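Coordinate inspection notes
The residues making up each chain are set out below.
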Amino acid sequence: MDLTVRPVTPGFGAEVLGVDLSQQIGDNVFQQVRQAWLDADGILLLRDQDITAEQHIDFSRRFGELSVAAGGTALSAYYLPGHPEIYRVSNKKVDGKPQGREDAGTYWHSDGSWQPAPPMASLLHALEIPPVGGDTIFANMYRAYETLSAPMKRMLEELQVVHSLGAAVLKTSYGKEYVGNIEEAMAKNATHPVIRTHPESKRKALFVNKGFTSHIVGIPQAESEAILNFLFEHSTMPENLYRHRWQRHDLVIWDNRCAMHYAVADYKAHGDRYMHRTTVKGDKSY
Ligand code: OGA
Ligand code: MN
């Protein structure tokens, strides 16, 4: 297969042309795709992927072990019946029944950053898209780190930060109904370094996000808030963003270790959006 990789912004994100995941791809092609993803700072677009749920799962598995739905939780209804590897993101209802999670990720976040070993990657496949709206915005957290001043980098180097589901319940549209009460949500947390090292590229990336990040450990709340608010603003400066306008059958792969994202919830009056997501497990941060 003849692979072409072209950037989607001057310094972040790429599109791969010439790969058809409805056909079996060899290891050599897969490694080229994976490398293109790493080289693009963790955002890769493959258009026109008319693939089944099984093909989406099989391709995702080549990146690593997948997370599967935990049964019996408030979120389990959103997994695809028969395919617990696929989480459905959608505003659609059929006979009054939601076909996915409507309000998924409508705030800056890195998937599962409240977990001790957050997911490495997520692969989102667009099956139905509204005529307008419903974009996803990505931020390059390598560049967010690299564009800090040297004294700021030195100060952040030692800091640890708590991420929690409770923070998301308090600050975002992440509904409390998904996590029980606020105490339980607060208990779903993890402590990570503010600056994490990407285990493959060995580059440093800022690892805070407005949705899940609660506070910096061991400093007064007012200082923590001031520093975090600065970092949230710094990491979302326009030069640091790629806004993806979806087409049907797009597959976007993002690296949660060096990118964060934001689902723009502006489309609901305009049509239906229906997406399938797989999630690849990751390692503890360092
Ligand atoms: C997600 C998510 C973004 C979107 O599935 O993790 O944040 O645009 N979705 O649907
Ligand atoms: Mn997400």
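Read on for a plain summary of the structure. (Residues numbered from 1 in each chain as written. Chains lettered and ligands numbered in written order. Predicted model: local features only at pLDDT ≥ 70, side-chain atom pairs only at ≥ 80, totals over all residues. Heavy atoms only, no water.)

For the manganese ion (ligand 2), the full set of protein donor atoms is His109 (NE2), Asp111 (OD) and His261 (NE2), at a range of 2.1 to 2.2 Å. Residue Asp111 is classed as buried on the basis of its relative accessible area of 5%. (Donors = N, O, S within 2.8 Å, 3.2 Å for Na, K, Ca; no water. Buried < 20%, exposed > 50% of the residue type's maximum accessible area, 1.4 Å probe, protein only.)

Once that is clear, we can look at the site of ligand 1. Every residue lining ligand 1 is accounted for by Val89, Gly105, His109, Asp111, Leu124, Thr136, Trp254, His261, Ala263, Arg273 and Arg277. A distance of 3.0 Å separates an oxygen atom of ligand 1 from a polar atom in the side chain of Asp111. Taking Thr136, its side chain carries an N or O atom lying 2.5 Å from an oxygen atom of ligand 1. Per-class residue counts for the shell around ligand 1 are four nonpolar, four polar and three charged. (Near = heavy atom within 4 Å. Polar contact = N/O pair within 3.5 Å; in protein donor to acceptor, adjacent residues only side chain to side chain. Nonpolar A, V, L, I, M, F, W, Y, C, P; charged D, E, K, R; others polar.)

All right, on to the environment of Val194 then. Along the polypeptide, Val194 turns up in the loop between strand 11 (189–193) and strand 12 (195–197). Residue Val194 is classed as buried on the basis of its relative accessible area of 0%. Residues Val194 and Asp48, spaced 146 residues apart in sequence, show a C-alpha to C-alpha distance of 37 Å. (Helix = DSSP H or I, 4+ residues; strand = E, 2+ residues; numbered from the N terminus.)

Another aspect to go through is unusual backbone geometry. At Asp41, a position not held by glycine, the phi torsion is positive, near 55°. Phi angles above zero are rare outside glycine, and His249 is one such case at about 75°. Its place among the elements puts His249 in the loop between strand 15 (241–244) and strand 16 (251–255).

Read across the sheet, three strands follow the order 15-9-17 without closing on themselves; strand pairing throughout is antiparallel. One side of each edge strand has no neighbouring strand; the edge strands of this open sheet are strand 15 and strand 17 (259–263). Pairwise comparison of adjacent strand axes, ignoring direction, gives a mean angle of 20° for this sheet. Pairing analysis gives four bridges linking strand 9 (residues 136–140) to strand 15, with the strands arranged antiparallel. Bridge pairing in strand 15 links Thr136 to His244. (Pairing = 2+ DSSP bridges. Axes fitted to C-alpha atoms, helices over the stretch in contact; angles between N-to-C directions.)

Further remarks concern the side chain of Ser122. Here Ser122 shows up in strand 8 (residues 121–128). Judged by its relative accessible area of 0%, Ser122 is buried. Polar contacts involving the side chain of Ser122 include one to the side chain of Asn256, which spans 3.1 Å. Not counting residues within four places of it along the chain, the set of residues in contact with Ser122 comprises Asp111, Val252, Ile253, Trp254, Asn256, Arg277, Thr278 and Thr279. (Contact = heavy atoms within 4.5 Å.)

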